[in-house]
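Structure assessment
Listed below, chain by chain, are the residues.
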Amino acid sequence: MNFALSVLRLMCLAWLWPVALFKGSNTQNQRRHKDVYLGENTQHKHGGRIDFKTKKSDSTKSLLIKSEQLLRIEDHDFAMRPGFGGSAIPVGIDVQVESIDSISEVNMDFTMTLYLRHYWQDDRLAFPSSNNKSRTFDARLVKKIWVPDVFFVHSKRSFIHDTTMENIMLRVYPDGNILYSVRITVTALCSMDFSRFPLDTQNCSLELESYAYNENDLMLYWKNGNDSLRTDEIALSQFFIEEFHPSFGLAFYSSTGWYNRLYINFILRRHIFFFMLQTYFPTMLMVMLSWVSFWIDRRAVPARVSLGITTVLTMSTIITGVSASMPQVSYVKAVDIYLWASFLFVFLSVIEYAAVNYFTTVEEMKKLRKGKLPASYDATQAMAYDGCFHDDIDVSPFPELPTTPSTTRTIPPRASSTEPPPTEGTRLWRKRSVGKNIRFIMSNSYMIDSYSRIIFPLAYLLFNIIYWCIYS
């Protein structure tokens, strides 16, 4: 019986042995074909070179996994702030201003590039370390943990620099202290006062505040006091930076409560030299150019009129150019006072010649009616009508006509006066009223130019002294 079972087992093994050999050969062939296929692909990708070395594991990937496991990121809910339900978490702020890129008077804003650094402690990120060294990460890990939601109040535009990677740094210390640094360019509002422009000084500030967490959840503060704000050497084209200083305060919102707010304050004083060259000096020259007409003959109408109109139009161009580069404010600026006062002087010089021309014409017409002009004088050719200079017209007083019997008048004797005659050495003063003085000047119109040569420069000099004493 035992013998029969042994024979049966031998027969089964003899039948199964060829089948096992056939399957083994097929498996080896499949592996061989797969290796050849992979080798061809590798050769195609790497330019004909086949690397038969054993592929090692990615150490960077394993380190990232180890870091996440070391910080236990998956074990905590980082949507909640550290110490939720307890006292407010203190977050220190440190700012380094890299540059002030631009300041716009038209838009009333400024653009600043800065390094914003946050300091806080999160015990959830504490890790054991034998050498007490920190670990530094980039923006990829920042998205997985809690960071303060600081934003810029009154900002118009802002962005985080991303060349060549996002300029974000996260440094975690073994005790859970965290440094979070980001490089930002922000354009913020600056309420400017142009009442003394361009001799003005502007106070601007950049304000930082938490968006979601009020003072019961998050407390913002300057980490190193006044030393928390540092600046590089900043040079601006139109301004001189007088002062940079930090400050802090509270902001109240009726629906959410009180929030901590930090201020980056800086004072800007405008350089005046640019505006002296572009505005003030050309305006002074135009005013002085209008005075040249006072030395031109009053009968040269085309010369004096063209000079006056040219200076008026030039002043209008200067005023328009300055107004185009300024915001449309509802109050008067210092430069407006100077430009419009200068425009008034130029305009008055044109009006002065209009008065001279009119009074000269009236004087000639009176002489014509009184017969003091020669019979050959043609009133239609007077300068008041064609504006030209005529050499054959003499507007100076003519000599008196000879006395004839028809023109002789009998002068009655004066009535005897009871007043004693003036003694020797007594000077008689004859008072002349204002009206008589005006009529005297009107009858001698050439004196208007003589007085204008002195009055206009003295008045403009007095205006400049008062203006620069007030605004400088």
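Here is what the cut-offs are and how they apply
- Residues numbered from 1 in each chain as written.
- Predicted model: local features only at pLDDT ≥ 70, side-chain atom pairs only at ≥ 80, totals over all residues.
- Heavy atoms only, no water.
- Helix = DSSP H or I, 4+ residues; strand = E, 2+ residues; numbered from the N terminus.
- Buried < 20%, exposed > 50% of the residue type's maximum accessible area, 1.4 Å probe, protein only.
- Contact = heavy atoms within 4.5 Å.
- Areas by Shrake-Rupley, 256 points an atom, 1.4 Å probe, with all protein chains shown as cover.
- Patch = residues over 30% accessible without salt bridge, like charges linked within 9 Å, V, L, I, M, F, W, Y side chains within 5 Å.
- Salt bridge = Lys/Arg side-chain N within 4 Å of Asp/Glu carboxyl O.
- Polar contact = N/O pair within 3.5 Å; in protein donor to acceptor, adjacent residues only side chain to side chain.
- Phe/Tyr/Trp six-rings, centres within 6.5 Å; stacked < 30°, edge-to-face > 60°.
- Lys NZ or Arg CZ within 6 Å of the ring centre and 35° of its normal.
- Pairing = 2+ DSSP bridges.
- Axes fitted to C-alpha atoms, helices over the stretch in contact; angles between N-to-C directions.
- Parallel < 35°, antiparallel > 145°, perpendicular 65-115°, else oblique.
- Nonpolar A, V, L, I, M, F, W, Y, C, P; charged D, E, K, R; others polar.
- Left-handed = near helix turned anticlockwise from the far one by under 90°.
- Core = buried A, V, L, I, M, F, W, Y, C linked by side-chain atoms within 4.5 Å.
- UniProt positions renumbered as here; feature names shortened; annotations may be inferred.

**Some words on the overall build of the protein**
In terms of regular secondary structure, the protein is built from 9 helices and 12 strands. Within the span of the protein, comprising 472 residues, buried residues form 35% of the whole. Look at the contacts in the protein between residues 6 or more apart in sequence, and 76% of them connect residues 24 or more apart. If you sum the accessible surface of the protein, you get close to 31,200 Å²; carbon and sulfur atoms cover 59% of it.

**Overview of a nonpolar patch on the surface**
A surface patch of nonpolar side chains, amounting to about 610 Å² of accessible area, comprises Tyr451, Ile454, Ile455, Leu458, Leu461 and Ile465. Along the chain, Tyr451 turns up in helix H9 (residues 446-471).

**Focus on the side chain of Ser210**
Mapped onto the elements, Ser210 comes out in strand S8 (residues 201-210). You can call Ser210 buried: its relative accessible area is 2%. A distance of 2.8 Å separates the side chain of Ser210 from the side chain of Asp149, its partner in a polar contact. A polar atom in the side chain of Ser210 sits 3.3 Å from the backbone nitrogen of Tyr213. Not counting chain neighbours up to four residues away, the residues in contact with Ser210 comprise Asp149, Val150, Phe151, Leu218, Leu220, Tyr259 and Asn260.

**With respect to the packing of aromatic side chains**
Counting across every chain of the model gives 26 aromatic pairs. Judged by centre distance (5.9 Å) and plane angle (85 degrees), the ring pair of Trp120 and Trp146 falls under edge-to-face. Here Trp120, found in strand S2 (residues 109-121), pairs with Trp146, found in the loop between helix H3 (139-142) and strand S4 (150-153); they are 26 residues apart in sequence, far enough to count as distant. Across this residue pair, the class does not change: Trp120 and Trp146 are buried. Note that Arg135 overlies the ring of Phe127, its terminal NZ or CZ placed 5.8 Å from the centroid.

**Section: the sheet that holds strand S12 (residues 257-270)**
What the 4 strands build is an open sheet, ordered S4-S8-S12-S11; its pairing is antiparallel. Two strands in the sheet have a free side with no partner beyond their single neighbour: S4 and strand S11 (239-253). If you compare each strand with its neighbour and ignore which way they point, the axes differ by 25 degrees on average.

**Focus on the packing of helix H6 (residues 334-369) against H9**
Look at H6 against H9: their axes get within 12 Å of each other, and the N-to-C directions meet at 170 degrees. On the basis of the axis angle, H6 is roughly antiparallel to H9. Packed against H6, whose contacting residues are Ala334, Val335, Ile337, Tyr338, Ala341, Ser342, Phe345, Leu348, Ser349, Glu352, Val356 and Phe359, the element H9 presents Ile448, Asp449, Ser452, Phe456, Ala459, Tyr460, Phe463, Asn464, Tyr467, Trp468 and Tyr471 at the interface. Class assignment for the residues of the contact of H6 with H9 results in 17 nonpolar, 4 polar and 2 charged.

**Section: the packing of helix H4 (residues 273-290) against H6**
Orientation of H4 relative to H6, taken along the N-to-C sense of each, is 15 degrees, at an axis distance of 9 Å. By the angle class used here, H4 and H6 are roughly parallel. Of the two possible hands of crossing, H4 and H6 adopt the one that is left-handed. Contacts from Thr279, Tyr280, Thr283, Met284, Met286, Val287 and Ser290 in H4 reach Val335, Tyr338, Leu339, Ser342, Phe345, Val346 and Ser349 in H6. Tallied by class, the residues present in the contact of H4 with H6 amount to 9 nonpolar, 5 polar and no charged.

**Here's the deal with the pairing of S8**
Burial analysis of S8 places 7 of its 10 residues in the buried class, the great majority of the element. Across 4 bridges, the pairing between S4 and S8 is antiparallel. From the neighbouring strand, Phe151 faces S8, where its bridge partner is Glu209. Here 9 bridges tie S8 to S12, and the two strands are oriented antiparallel to one another. From the neighbouring strand, Leu208 faces S12, where its bridge partner is Leu262.

**Examining the pattern of salt bridges**
Overall, the coordinates contain 15 salt bridges when judged by the stated rule. Salt-bridge contacts for Arg81 lead to Asp217; the nearest nitrogen and oxygen are separated by 3.5 Å. Pair noted here: Arg81 is in the loop between helix H2 (59-71) and strand S1 (89-104) and Asp217 is in the loop between S8 and strand S9 (218-222), with a separation of 136 residues, a long-range link. Bridged by salt links that share partners, the residues Glu105, Asp200 and Arg270 form one connected network.

**Some thoughts on the nonpolar core**
Grouped together as the largest cluster of nonpolar side chains are 81 residues, with contacts concentrated most on Ile93, Val95, Phe110, Leu116, Leu170 and Leu206. Look past the residues within four positions of Val95 in its chain and what remains in contact with it is Leu114, Tyr115, Leu116, Trp222, Ser228, Leu229, Arg230 and Ile264. Membership of the second largest hydrophobic core comes to 5 residues, among which are Val301, Tyr353, Val356 and Ile448.

**Concerning the UniProt feature "transmembrane region" (unreviewed entry) in the protein**
Feature annotation in UniProt places "transmembrane region" (unreviewed entry) on residues 272-293, 305-325, 337-360 and 451-470, given in this structure's numbering. Counting secondary structure, residues 337-360 comes out at 100% helix and 0% strand; the distance between its end C-alpha atoms is 34 Å.

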